[in-house]
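The chain contents come next:
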Amino acid sequence: MPKQVRVRFAPSPTGYLHVGGARTALFNWLFARHHGGKFILRIEDTDFARSSREMVEGILEGLRWLGLTWDEGPYFQSQRLEHYRSFAGRLLEKGMAYRCFCKMDESAERKNGYRDEAAGDAALHECARLNAEDSGRRAAAGEAFAIRFKIPPEKTFFRDHVFGRIEVENKILEDFVLIRSDGIPTYHLVVVADDVDMGITHVIRGADHISNTPKQVLLYRAAGEPLPEFAHLPLILGPDKQRLSKRHGATSVMAYAQTGYLPDAFFNFLALLGWSPGDDREILTRRELTELFSLKGVGKADAVFGLEKLDWFNSQYLRNASAGTLKELALKELEAAGIGDSGPESLDAKLELLKGRIRKLSDFSTVFRAFFSDDFEYDPDACKKFLKDPKLKEWIPALYALYLAAGEFTLESAEAILRGLAERQGIKAGLLINAVRVGLTGQGVAPGLFDIMQVLGRQRTLARLERLGGYLNRTISN
RNA sequence: GUCCCCAUCGUCUAGACGGCCUAGGACACCGCGCUUUCAAUGCGGCAACACGGGUUCGAAUCCCGUUGGGGACGCCA
């Protein structure tokens, strides 16, 4: 038990950090923090053609956004090529691997052959039969070769913290390539070589790696190394239960950052996707999550990535955000939307008003745009609902005149004036209130009308009332 | 095709030892209350153990099968 926990997140930089990868990283991070261990970041970039520096940056950016700090790394496999070659070299010497002189396309053909022949001996690669002298001679003569691992007979099994015992017949495993003919090592080799080198104690990764695991177990055995513990995480699916992909919308974590989700909310949401603390709690801080996290709470069934609940988490976090952070976030959002010059003097008051109804940061520049900019549209639905009474054409200018003439413009006076007008006209105040709301905010959904007036100020309120009057004149014919 | 895995409300899930489950919570949805709209909030509602066999006094929980879904079968990771 005294052995320190060491886990790693090992993405390949062939794409951005997607939600599945983020969840894997998150669980590793939680596990490491829970046990006071180390969380190591390793970049699996041995596929030179598809890897790029940009993708590495993108992945780091995503991890940082989520607050998944790493203790070691990032290590780059492209810089550790010698380690892998010597690892493979040792297996070659021990006769546990062999040189394969097949051309690449030849092995592709043979591959197809295997499938038709219902496995069996066909899986025995012919290069495995080459004797050591011939093999050595051809290599010395400069003939290109790959190094394949020789799958031993019998069965292989391993214990998984979430799936239990998994066993396979070795004959379904084919002699896989360790080192490509260009000298670059492949996945299975680099993973185990590095996990051994880096002292990884727990391999926590996606369930799509379950079927790779037996091959890796064999590699550990061949190298005479003890097995790490394994925990495979159920996959994250799209709403149609298919593997999550771009078809389902954003899969990149940073896309969520840009849409206005709070990292804490995203973190909390992701933590509960495939894992449960065992009770009914849902809103949990990182600290609580860290304390509660355990592999035992990880479920086996794949989980659907559902946006509604994410939105709910986000609104919860937004609601509880301190005035300071909310302000900072709002400013950033407004700036990104190109809204910046509309009376930030009352920003605090506006945010206080909006706080409880925001679901995403992007709401600042969309549904609540009118609070920060004079450049906004009337929502068609709101117009249909609240601007249909023809008499509004008279009432709104009348209200405008009253506000213009009034000596003061306070919350109380503004309300008293409006209600007075309604009373004299023998109509319900709500009729005016709702219409004015559309005029001031463009929406049928907003905080209390008189609060809005205060926050907008007399000038803007009057200007918008004027604009509303114009709109009514144009749309209501009599 | 072959191998591996999974299966509780539409979604995320609770459900250690089978009885406390006429299956709990949350999101979403639908009512009602509040209200100046919406949101928030309060209350209430709808809604699931995939199916079929066993084992057992008793199964969502154990076993087998079926169906459905997912994953893996690269000189990708």
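Scroll up to find the structure this text is about.
In this text, all values refer to a predicted model and were calculated from it rather than measured experimentally.

### Quick look at the sheet that holds strand S3 (residues 72-76)
- Taken in spatial order, the 3 strands make up an open sheet running S1-S2-S3, and their pairing is parallel. One side of each edge strand has no neighbouring strand; the edge strands of this open sheet are strand S1 (6-9) and S3. Ignoring which end each strand starts from, the neighbouring axes of this sheet average 25° apart.
- Contacts from helix H1 (residues 19-34) reach S1 and strand S2 (38-43) within the one sheet, and its direction differs from that of S1 by about 165°.

### Notes on the nonpolar core
- Counting 107 residues, the largest nonpolar core has Phe266, Phe305, Phe364, Tyr403 and Leu418 as its most contacted members.
- When residues in this core are grouped by element, the largest group, 10 residues, is from helix H18 (residues 449-475).
- Not counting chain neighbours up to four residues away, the residues in contact with phenylalanine 266 comprise Val19, Trp65, Leu66, Val253, Tyr256, Phe305 and Leu310.

### What about the pattern of salt bridges?
- Going through the model one piece at a time under the given rule, you end up with 26 salt bridges.
- The salt bridge involving arginine 33 is made with aspartate 71; its shortest N-O contact spans 3.1 Å. Placement of the pair is arginine 33 in helix H1 and aspartate 71 in the loop between helix H2 (53-66) and S3, with a sequence separation of 38 residues.
- In this structure arginine 33 comes out as partly exposed when scored by relative accessible area, which is 25%.
- Arginine 165 is the partner of glutamate 167 in a salt bridge, and the nearest nitrogen-oxygen pair spans 2.6 Å.
- According to the relative accessible area criterion, glutamate 167 is partly exposed, its value standing at 40%.
- A relative accessible area of 42% places arginine 165 in the partly exposed class.
- Here the residues in one salt-bridge network are Arg8, Arg42, Glu44, Arg80, Asp194, Asp195 and Asp197, joined through shared partners.

### Quick look at the packing of aromatic side chains
- Tallying each qualifying case throughout the model produces 19 aromatic pairs.
- Seen from their ring centres, phenylalanine 158 and phenylalanine 230 are 5.5 Å apart, and the 65° between their planes marks the pair as edge-to-face. Of this pair, phenylalanine 158 sits in strand S6 (residues 155-160) while phenylalanine 230 sits in strand S10 (residues 229-233), placing them 72 residues apart in sequence.
- With 6.3 Å between their ring centres and 45° between their planes, phenylalanine 376 and tyrosine 378 make a pair best called tilted. Note on accessibility: phenylalanine 376 and tyrosine 378 belong to one class, buried.
- Ring-pair connections join several aromatic residues into one group, and the members of that group are Trp65, Tyr256, Tyr261, Phe266, Phe269, Phe305, Trp312 and Phe313.
- Positioned above the aromatic ring of phenylalanine 27 is the side chain of arginine 23, whose terminal nitrogen or guanidinium carbon lies 5.0 Å from the ring centre.
- Lying over the aromatic face of phenylalanine 157, arginine 165 brings its terminal NZ or CZ to 3.8 Å of the ring centre.

### Some details on the side chain of asparagine 212
- Inspection of the secondary structure puts asparagine 212 in the loop between strand S9 (202-206) and helix H7 (213-223).
- Residues contacting asparagine 212, with those up to four places away along its chain left out, are Tyr187 and His188.

### Considerations on the sheet that holds strand S8 (residues 177-179)
- Spatial strand order, S4-S5-S8: 3 strands in an open sheet with antiparallel pairing. Looking along the sheet, the strands with just one partner apiece sit at the ends: strand S4 (97-100) and S8. Across the sheet, the mean angle from the axis of one strand to that of its neighbour is 40°, orientation sign disregarded.
- Where S4 meets strand S5 (residues 146-149), 4 bridges bridge the pair, whose relative direction is antiparallel. The residue bridging arginine 99 from the neighbouring strand is isoleucine 147, located in S5.

Analysis parameters
- In this convention, every chain numbers its residues from 1, walking through the sequence in written order.
- Written order decides the labels, with chains lettered from A and ligands numbered from 1.
- Given that the model is predicted, a residue must reach a pLDDT of at least 70 before its local features are reported, and side-chain atom pairs must reach 80 or more before they are shown or counted; all residues, however, enter totals for whole chains, interfaces and linings.
- The side-chain values count all of the structure's non-hydrogen atoms but skip hydrogen atoms and water molecules.
- Criterion used throughout: strands pair if DSSP finds at least two bridges between them.
- Only runs of H or I of at least four residues qualify as helices and only runs of E of at least two qualify as strands under DSSP, and these elements are numbered from the N terminus.
- Helix axes are fitted only over the stretch in contact, all axes being lines through C-alpha atoms; the angle between N-to-C directions runs from 0 to 180 degrees.
- Any two residues whose heavy atoms approach within 4.5 Å are treated as being in contact.
- As used here, the term nonpolar core means buried Ala, Val, Leu, Ile, Met, Phe, Trp, Tyr and Cys residues forming a set that is joined through side-chain atoms within 4.5 Å.
- Any residue under 20% of the maximum accessible area for its type is buried, any over 50% is exposed, and the rest in between are partly exposed; the area is computed with a 1.4 Å probe on protein chains only.
- Salt bridges are identified by distance alone: a Lys or Arg side-chain nitrogen within 4 Å of an Asp or Glu carboxyl oxygen.
- Here the aromatic set is Phe, Tyr and Trp, taking the six-membered ring for Trp, and pairing holds for ring centres within 6.5 Å; pairs whose planes are under 30 degrees apart are stacked, those over 60 apart are edge-to-face, and all others are tilted.
- Both a distance and an angle decide whether a charge sits over a ring: NZ of Lys or CZ of Arg must be within 6 Å of the ring centre and within 35 degrees of the ring normal.

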